[in-house]
Amino acid sequence: MRLLYLFILISTSFISCKTSKRSAAGIIGGADGPTGVYVTNNADQALSHRENGWYHVLSTDSLSVKPIITVKDMVGLKLEKDYYGKYAISGRISKHKINKWADETESAIGKQIAFVYNDSIISDPQVNGRIESGAFMITSQTDQKLPEIYKGIMKEKSDSIEVIFDGWEKDSLYYELSPEERDSVNMGIDYWEAKAWVDMSSKPDEHYWYSIEDSSEYVRLEKALEDELEKTGYSSKASDYMKSDAYKAYKQYLHENKDYINLMFQGFLFNNLKGLHGYLVDDIIQSKYSSAPSIRSYIDKTDNVDDEKFAVYEWQRKVWFLMNTTQENNTVMSDDQKARKRIDKMMEKANRYRESITDTTYLQTTVEMSYSAIDALNTDGYNDDYIYNQVIYLAALDRARKYLSEQDGKLVCPLSSHEDINVRKDLYEFIIDLFRQWNEMLDSGNFKIIKDEKGLPMVVHKDYGNK
């Protein structure tokens, strides 16, 4: 489903885990340019076990204990050959960790970071700039080692996803995909997206499904509170703001209309929770749900925007559980029927629409087609329409794949307009871009064209089917 393979060049060499002598300085490039090759003359040495991924180099013989990024945070991995015919591994950091990667590389400018695989350092280049794109390519002077490293990384990535889906039959859409399509899903999504999919269906009591038809009153109260907090020369104490009429009106509205708590999660208070906003959120939630944890206790330990988002998400799940299981008189309900009913409704809507689709049905997603449209979790939180949008996307993709033909080892698409397959323009452009990426993968020599169970062409790794 998701196959996005963009990259910048990160050139490296294969070296041992501890570095005692260096003969040349390597460069990791910024977002806009390629890099040089890092060379070392040290012998292989052992390293205490570390998870495969990128680490800060603290000294000539010491790495950070915690990784910057691990293999499960990578997507779009592929083995190819560079301009000189040498093996290279390319990929990108998932959207859930791309900000952390940018911040950590910025903090390491002028220093080195190391990619560790099986307790050996594969590369330890010097960082020359903040890397915001998240994409990378790893090359090595001993490039013949890279195919085996690539296979190991791919297996680890696939296993991290399969473990999450193992035994999970909640989402019929995933298991209705062909094995080839599921393999593409595993390579295209990251650990966090897969976990969100499973969590949302297997733990519905930790996800609150709501339907708000009129938010005008909430918007008015939230704006009044925002204006109150922006007043200059007022107070730096949260307790003083809690006495204001704007705050008390906002808080009371949320207590009387708990669905709107989810709008607070998406509002201005959550733009900066390390400070006044965190105290106000705690007061609003804990005065309604006394057993709710403090959001400040979740985020105060984080040091980057990505980890803070995950901390907020974990905290939200605790609050959603209380919203689902606690009645207004604070007695605990016997089950999570409301949450399950909402999930069933979401699945029913998607499956009902899928059954109604014909070859002439005009296809468009509920929002402009993008990965966020088909993700269970996006920047706005949980996406109620993600399954519905997936149904539309897969139907449009199959409709377009019927036109594909193979010529000289590449896929040829004769379509010239979104009108040719009766879909909205943005959905058409998204699919055409996917076909372009498939041909780029075929150009690398590491992928092949196969026919899926429907007899339609798709691109998979050349080792697919040999497991």
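Residues numbered from 1 in each chain as written. Predicted model: local features only at pLDDT ≥ 70, side-chain atom pairs only at ≥ 80, totals over all residues. Heavy atoms only, no water.

Caption draft 1: Broad picture of the packing of helix H8 (residues 245-256) against helix H10 (residues 276-288). Relative to each other, H8 and H10 sit at 40°, their axes nearing to 10 Å. Taken together, H8 and H10 sit at an angle that is classed as oblique. For H8 against H10, the interelement crossing comes out right-handed. Here H8 contributes Tyr247, Tyr250, Lys251, Leu254 and His255 to the contact with H10, which in turn contributes Leu280, Asp283, Ile284, Ser287 and Lys288. (Axes fitted to C-alpha atoms, helices over the stretch in contact; angles between N-to-C directions. Helix = DSSP H or I, 4+ residues; strand = E, 2+ residues; numbered from the N terminus. Parallel < 35°, antiparallel > 145°, perpendicular 65-115°, else oblique. Left-handed = near helix turned anticlockwise from the far one by under 90°. Contact = heavy atoms within 4.5 Å.)

Caption draft 2: Broad picture of H10. With 13 residues, H10 should reach 18 Å at 1.5 Å per residue; the first-to-last C-alpha distance of 19 Å fits that figure. The complete set of buried residues in H10 reads His277, Gly278, Leu280, Val281, Asp282, Ile284, Ile285 and Lys288. Tucked into the core, H10 has its buried residues touching helix H6 (216-229), helix H7 (238-241), H8, helix H9 (261-265), helix H11 (295-299) and helix H12 (305-325). (Expected span 1.5 Å × (residues − 1). Buried < 20%, exposed > 50% of the residue type's maximum accessible area, 1.4 Å probe, protein only.)

Caption draft 3: Region of interest: helix H14 (residues 386-401). An ideal rise of 1.5 Å per residue puts 22 Å on 16 residues; H14 measures up with 22 Å between its terminal C-alpha atoms. Burial within H14 is extensive, with 15 of its 16 residues counted as buried.

Caption draft 4: Focus on the nonpolar core. Core analysis: the biggest nonpolar cluster contains 41 residues, and Leu363, Tyr393, Leu427, Ile431 and Trp438 have the highest contact counts within it. Breaking this core down by element, the ones donating at least two residues are helix H13 (337-356), H14, helix H15 (425-443), strand E16 (447-451) and strand E17 (457-461). With 10 residues, the single largest contributor to this core is H14. For leucine 427, the residues in contact, after removing those within four places along its chain, are Leu363, Met369, Ile392, Tyr393 and Ala396. Listed in part, the 35 residues of the second largest apolar core include Tyr208, Tyr247, Tyr289 and Ala311. (Core = buried A, V, L, I, M, F, W, Y, C linked by side-chain atoms within 4.5 Å.)

Caption draft 5: Spatial organisation of the pattern of salt bridges. Throughout the structure, instances matching the rule amount to 20 salt bridges. Of the charged contacts, one joins glutamate 148 and lysine 151 as a salt bridge, the two residues approaching to 4.0 Å between their closest N and O atoms. Pair noted here: glutamate 148 and lysine 151 are both in helix H2 (residues 146-165), with a separation of three residues, about one helical turn. Across the salt bridge formed by glutamate 217 and arginine 220, the nearest N and O atoms sit 2.8 Å from each other. A residue pair is termed a helical-turn pair when its members lie 3 or 4 positions apart in one helix, as glutamate 217 and arginine 220 do in helix H6 at three residues. Overall, arginine 220 belongs to the partly exposed group, its relative accessible area being 48%. (Salt bridge = Lys/Arg side-chain N within 4 Å of Asp/Glu carboxyl O.)

Caption draft 6: Representation of the pairing of strand E3 (residues 53-59). Among the seven residues of E3, five are classified as buried, and the element is accordingly described as predominantly covered. Where E3 meets strand E5 (residues 69-70), two bridges bridge the pair, whose relative direction is antiparallel. Looking at the pairing, glycine 53 lines up with threonine 70 of E5. Of the pairings in the sheet, the one linking E3 to strand E8 (residues 113-117) comprises four bridges and is antiparallel in character. Paired with histidine 56 across the strands is isoleucine 113, a residue of E8. Direction of pairing for E3 relative to strand E4 (residues 62-63): antiparallel, over a ladder of two bridges. Along E4, the bridge assignment pairs serine 59 with serine 62. (Pairing = 2+ DSSP bridges.)

Caption draft 7: Structural view of the packing of H14 against H15. Orientation of H14 relative to H15, taken along the N-to-C sense of each, is 60°, at an axis distance of 10 Å. As judged from the angle between their axes, H14 and H15 are oblique. In this structure, H14 crosses over H15, and the sense of that crossing is right-handed. Here H14 contributes Ile392, Tyr393, Ala396, Leu397, Ala400 and Arg401 to the contact with H15, which in turn contributes Leu427, Phe430, Ile431, Leu434, Phe435 and Trp438. Residue classes in the contact of H14 with H15 are distributed as 11 nonpolar, no polar and one charged. (Nonpolar A, V, L, I, M, F, W, Y, C, P; charged D, E, K, R; others polar.)

Caption draft 8: Fine view of the packing of aromatic side chains. Following the criterion strictly, the structure yields 13 aromatic pairs and no others. Arranged with centres 5.3 Å apart and planes meeting at 65°, the rings of phenylalanine 265 and phenylalanine 270 form a pair that is edge-to-face. Under the relative-accessibility criterion, phenylalanine 265 is labelled buried at 9%. Residues phenylalanine 265 and tryptophan 320 carry aromatic rings whose centres are separated by 6.0 Å and whose planes lie at 70° to one another, so their mutual orientation is edge-to-face. One end of the pair, phenylalanine 265, is in helix H9; the other, tryptophan 320, is in helix H12, and 55 residues separate them in sequence. (Phe/Tyr/Trp six-rings, centres within 6.5 Å; stacked < 30°, edge-to-face > 60°.)

Caption draft 9: Fine view of the pairing of E17. A large share of E17 lies buried, amounting to five of its five residues. With five bridges joining them, E16 and E17 adopt antiparallel strand pairing. Across the sheet, residue isoleucine 450 finds its bridge partner in E17, namely methionine 458. If you look at the hairpin formed by E16 and E17, you'll find five residues sitting between the two strands, and glycine 455 has a positive phi there, around 80°.

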